[in-house]
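Summary of the model geometry
Read off the chains here:
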Number of protein chains: 2
Amino acid sequence: MNDRHEGAAGRPAPPKRERADARRNREALLEAAAAVFVRSGVEAPVRDIAAEAGIGVGTIYRHFPKRADLVIAVFRHQVEACAEAGPALLAAGPTPYAALGRWIDLFADFLVTKHGLAAALRSDSTGFEALHDYFLDRLVPVCTELLDAAADSGEIRSDVRALELMRGVGNLCVGADDPRYDARRMVELLIAGLSRPR
Amino acid sequence: MNDRHEGAAGRPAPPKRERADARRNREALLEAAAAVFVRSGVEAPVRDIAAEAGIGVGTIYRHFPKRADLVIAVFRHQVEACAEAGPALLAAGPTPYAALGRWIDLFADFLVTKHGLAAALRSDSTGFEALHDYFLDRLVPVCTELLDAAADSGEIRSDVRALELMRGVGNLCVGADDPRYDARRMVELLIAGLSRPR
DNA sequence: GACGATACGGAACAGCGTTCCGTTTTGGCA
DNA sequence: TGCCAAAACGGAACGCTGTTCCGTATCGTC
């Protein structure tokens, strides 16, 4: 993907250096958003983020047309890291199933430690679909690779697809703030249920 | 529980016959809500329900102080049926684990067939906590009984509690409308993962 | 230094759950 | 039967969202 907003191919696409204030605000915004997400969760009001960054809400929407785009930008690095860990784990692990389990743990940890992220991912109401889609687009191929390898090795059943497994894990991580609900253990159960019945 | 709103013990508690219009509106409201929930999901706007019933929103809140109370009232019968099925299945099933599996299927079916119910159950934002609590209060004891029986029989691991299992199943049922996500299969996996590693 | 392009800020809009209160309906009692 | 206080009604209004709009301020170039 291109970091610029334009994507039309062929045209010269005049670079038009980014204005200094725009860049400054965008960076302050990302920093502020990250801080607010930690403090108040991913569903924090846009106005709170604007206040934290010392800018107006209009400026937020200039840089990130939808709220979800801001969330994506804040977590992009961590999603990338998770995606890149997949092949590495597959190469390192004793078996594909073990690698899959470790990768899922990584993914679940990511969701559990970001207050409200899992809930936002399956949010039907506000425009969080883009967030959901981004996660899936980026991570489903990775998960598919692990899943296929584990299926080929005969360790797990082969009728489960990456998309539903990831959605399942994502769903299980909702509400992990409640000390009475151990999301990680539920994920562990789900992955255990994946193993071929003997 | 008492069907009347009053619960203070000892006092004569004057019965005060319910006014005819109040009763009529309450029944129209429940019917309308059920229809709207089927058509638009559980998260349908209160105003839509009021319009369907031909009454004002104020009247809704007179009968059901919180939105969740209305949802509870609409689904109360089905929750009761599910709760009562627990002991029956335990008595009927070949093993406690089989009974547990069937009961969880019942519960999952209930959630999956009510458009958006599962999502509402874990909703942190609006006042749906009462809904969540009602489900848990009524069903966790039933689930505990099944879970304990299956653990005692040695069929399943004994470190999983009813509350987290039910939350897990509830979470897995979110988003079951999407044809690419088979919530029932994920629940099946979770329950399979419960069985004692051999 | 001037000026056009760009970006900013926050008031304004739409949609939500919920509350409030002036108006209407009801049913026991004279 | 007619009266009238108590009960219930309806929907405007409130406070909270995300998002849009546009007059104003800033930037960078000439």
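Parameters at a glance
- Residues numbered from 1 in each chain as written.
- Chains lettered and ligands numbered in written order.
- Predicted model: local features only at pLDDT ≥ 70, side-chain atom pairs only at ≥ 80, totals over all residues.
- Heavy atoms only, no water.
- Helix = DSSP H or I, 4+ residues; strand = E, 2+ residues; numbered from the N terminus.
- Contact = heavy atoms within 4.5 Å.
- Areas by Shrake-Rupley, 256 points an atom, 1.4 Å probe, with all protein chains shown as cover.
- Near = heavy atom within 4 Å.
- Polar contact = N/O pair within 3.5 Å; in protein donor to acceptor, adjacent residues only side chain to side chain.
- Nonpolar A, V, L, I, M, F, W, Y, C, P; charged D, E, K, R; others polar.
- Core = buried A, V, L, I, M, F, W, Y, C linked by side-chain atoms within 4.5 Å.
- Buried < 20%, exposed > 50% of the residue type's maximum accessible area, 1.4 Å probe, protein only.
- Buried area = accessible area lost by both parts, 1.4 Å probe.
- Salt bridge = Lys/Arg side-chain N within 4 Å of Asp/Glu carboxyl O.

Another point: the overall build of chain A. Counting secondary structure elements, chain A contains 9 helices and 0 strands. Going from N to C terminus, chain A has its helices and strands arranged as α-α-α-α-α-α-α-α-α. In chain A, of all internal contacts separated by at least 6 residues, the share reaching a separation of at least 24 is 65%. A total of about 10700 Å² of accessible surface is found on chain A, and carbon and sulfur atoms cover 52% of it.

Turning next to the environment of A:Ser40. By the secondary structure assignment, A:Ser40 is in helix 1 (residues 20–40). In sequence terms A:Ser40 and A:Gly116 are 76 residues apart; their C-alpha atoms lie 8.9 Å from each other.

Time to look at the environment of A:Ala99. Residue and element names in this part refer to chain A. In this structure, Ala99 sits in helix 5 (residues 96–113). Separated by 13 residues in the primary sequence, Ala99 and Gly86 place their C-alpha atoms 7.9 Å from one another. Not counting residues within four places of it along the chain, the set of residues in contact with Ala99 comprises Leu89, Leu90 and Leu146.

A few words on the protein's contact with DNA strand C. In the neighbourhood of DNA strand C, 27 residues make up the surrounding shell, with A:Arg19, A:Asn25, A:Gly58, B:Ala20 and B:Arg47 lying closest. The contact atoms of DNA strand C, taken as those within 4 Å of the protein, divide so that sugar and phosphate hold 59%. Separating a phosphate oxygen of DNA strand C from a side-chain N or O atom of B:Arg67 is a distance of 2.9 Å. Of all elements in the fold, only helix 1 and helix 3 (57–63) of chain A together with helix 1 (20–40), helix 2 (46–53) and helix 3 (57–63) of chain B reach the threshold of two or more residues within the surface near DNA strand C. Ranked by the residues each element gives to the surface near DNA strand C, the list is headed by helix 3 of chain A, at 5 residues. Of the residues contributing to the surface near DNA strand C, the split by class is 9 nonpolar, 6 polar and 12 charged.

Attention now goes to the protein's contact with DNA strand D. In the region of DNA strand D, 26 residues are neighbours, and A:Arg47, A:Tyr61, B:Arg19, B:Asn25 and B:Gly58 sit closest. A share of 58% of the atoms of DNA strand D within 4 Å of the protein falls on sugar and phosphate groups. A distance of 2.9 Å separates a phosphate oxygen of DNA strand D from a polar atom in the backbone of A:Ala20. At 3.0 Å, a side-chain N or O of A:Arg67 approaches a phosphate oxygen of DNA strand D. Those elements giving two or more residues to the surface near DNA strand D turn out to be helix 1, helix 2 (46–53) and helix 3 of chain A together with helix 1 and helix 3 of chain B.

Turning to the nonpolar core, a few remarks are in order. Core analysis: the largest hydrophobic core is formed by 142 residues, its most contacted members being A:Trp103, A:Phe135, B:Trp103 and B:Phe135. Excluding anything up to four places from it in sequence, B:Phe135 contacts B:Val79, B:Phe107, B:Phe110, B:Leu111, B:Leu117, B:Leu121 and B:Val140.

Further remarks concern the interface of chain B and chain A. Each side of the interface is counted separately: chain B has 28 residues, and chain A has 28 residues. Across the chain B to chain A interface the summed buried area is about 2500 Å²; carbon plus sulfur atoms make up 54%. Sorting the residues of chain B by area buried against chain A places B:Glu164, B:Arg167 and B:Leu189 first, and these three jointly supply 23% of that buried surface. Summed over the shared surface of chain B and chain A, the result is 6 salt bridges.

Interpretation in functional terms is not warranted from these geometric data alone.
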